[in-house]
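# Remarks on the overall topology
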Amino acid sequence: MKFIEEDAVNDTTKRSKNKPATPEQENDSAFAAEMEELKRDMHTAQLVDWAQNNRQMLIAGAVAVLIALLGTSLWIEHGKSQKNSAATLYHQALVTSSDDDKRAMLELVIKDYGNTGYASLAHLYLARLGDRETHLKALIYGDDSTAELAWQARLDLAEWYLSNARVDEARGLLSEPVGKQYEQLRHYLMAEAASDAEEKVMHLKKALDANSNDTFLKDRIEGMLAELGTAN
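Throughout what follows, the structure given in this document is the object of discussion. (Residues numbered from 1 in each chain as written. Predicted model: local features only at pLDDT ≥ 70, side-chain atom pairs only at ≥ 80, totals over all residues. Heavy atoms only, no water.)

## Examining the pattern of salt bridges
- The final tally for this structure, using the stated rule, is 8 salt bridges.
- Taking the shortest distance from any N to any O, the salt bridge between Glu 133 and Lys 137 comes out at 3.4 Å. Pair noted here: Glu 133 and Lys 137 are both in helix α6 (residues 132–141), with a separation of 4 residues, about one helical turn.
- Look at Glu 133 and you get buried, because its relative accessible area is 19%.
- A relative accessible area of 35% places Lys 137 in the partly exposed class. (Salt bridge = Lys/Arg side-chain N within 4 Å of Asp/Glu carboxyl O. Helix = DSSP H or I, 4+ residues; strand = E, 2+ residues; numbered from the N terminus. Buried < 20%, exposed > 50% of the residue type's maximum accessible area, 1.4 Å probe, protein only.)

This is the structure we're talking about:
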């Protein structure tokens, strides 16, 4: 009997699941769907109303965005044009045979295209043609110089100071560390500027221990240490 009762319950449950929806249930579902659609319509209407009330603000915002995009595009194109013009003038200067013409063209690169990398290259080249101190200082203290270029300019200027017996100025430039690839040359120059043999040996040893990118310089340092009677 228990099994018969359970079967009866199961049959009743199945019939209830398969039983079609009543008209009342269908009406409730339709009403819920209509309410959702009404909510969407109201939300859309609110957005349209807000857009109409704030039309001037939206137009002004769109114009501002358009102007910003246009300005950015023009600035990018201007930068490309500047670089191309600077490159052309710089390379024309390199192939010019007259040093005076070369100097004039490179100075024009610095004057007219100072915000490009070619201005730094022009300073570097002009340092070889004449006013070394002015152009190397421009690289050392210039905002647009890379760290590597500034380090190289500092060492070049220190070497020039030493060759002109301006030892104190050279020591001032060499007092600050540089990138590890430049440390060997820095310590070699500090040895050249040393006030006594002990300081000279100390810097030569540090130069020998530093990264070496110049076999000739390394051999020279080893020779100097040998002359001073110091073991490597």
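## A few points about the environment of Glu 198
- Relative to the assigned elements, Glu 198 resides in helix α10 (residues 197–209).
- Overall, Glu 198 belongs to the exposed group, its relative accessible area being 69%.
- Placed 30 residues apart in sequence, Glu 198 and Leu 228 show a C-alpha to C-alpha distance of 9.9 Å.

## What to know about the packing of helix α9 (residues 183–192) against helix α11 (residues 215–227)
- Close contact between α9 and α11 brings their axes to 11 Å; oriented N to C, the two are set at 35 degrees. Taken as a pair, α9 and α11 cross one another with a handedness that is left-handed. Side by side, α9 and α11 meet where Gln 184, Leu 185, Tyr 188 and Glu 192 of the first sit next to Leu 217, Lys 218, Arg 220, Ile 221 and Met 224 of the second.
- When the residues that make up the contact of α9 with α11 are grouped by side-chain class, the tally is 5 nonpolar, 1 polar and 3 charged. (Axes fitted to C-alpha atoms, helices over the stretch in contact; angles between N-to-C directions. Left-handed = near helix turned anticlockwise from the far one by under 90°. Contact = heavy atoms within 4.5 Å. Nonpolar A, V, L, I, M, F, W, Y, C, P; charged D, E, K, R; others polar.)

## What about the environment of Leu 139?
- Positionally, Leu 139 belongs in helix α6.
- When the C-alpha atoms of Leu 139 and Ala 153 are compared, they prove to be 6.3 Å apart, with 14 residues separating the residues in sequence.

## A short note on the packing of aromatic side chains
- Following the criterion strictly, the structure yields 3 aromatic pairs and no others.
- Arg 128 extends its terminal NZ or CZ atom over the ring of Tyr 125, reaching a point 4.6 Å from the ring centre. (Phe/Tyr/Trp six-rings, centres within 6.5 Å; stacked < 30°, edge-to-face > 60°. Lys NZ or Arg CZ within 6 Å of the ring centre and 35° of its normal.)

## Some remarks on the nonpolar core
- Core analysis: the biggest nonpolar cluster contains 29 residues, and Tyr 188, Leu 204 and Ile 221 have the highest contact counts within it.
- Secondary structure elements with two or more residues in this core: α6, α7 (147–163), α8 (167–174), α9, α10 and α11.
- For this core, the leading source of residues is α7, giving 7 residues.
- Ile 221 has contacts with Gln 184, Tyr 188, Leu 204, Ala 207 and Leu 208, leaving out every residue within four places of it along the chain.
- Counting residues in hydrophobic clusters, the runner-up holds 11 residues, among them Met 105, Val 109, Tyr 113 and Tyr 125. (Core = buried A, V, L, I, M, F, W, Y, C linked by side-chain atoms within 4.5 Å.)

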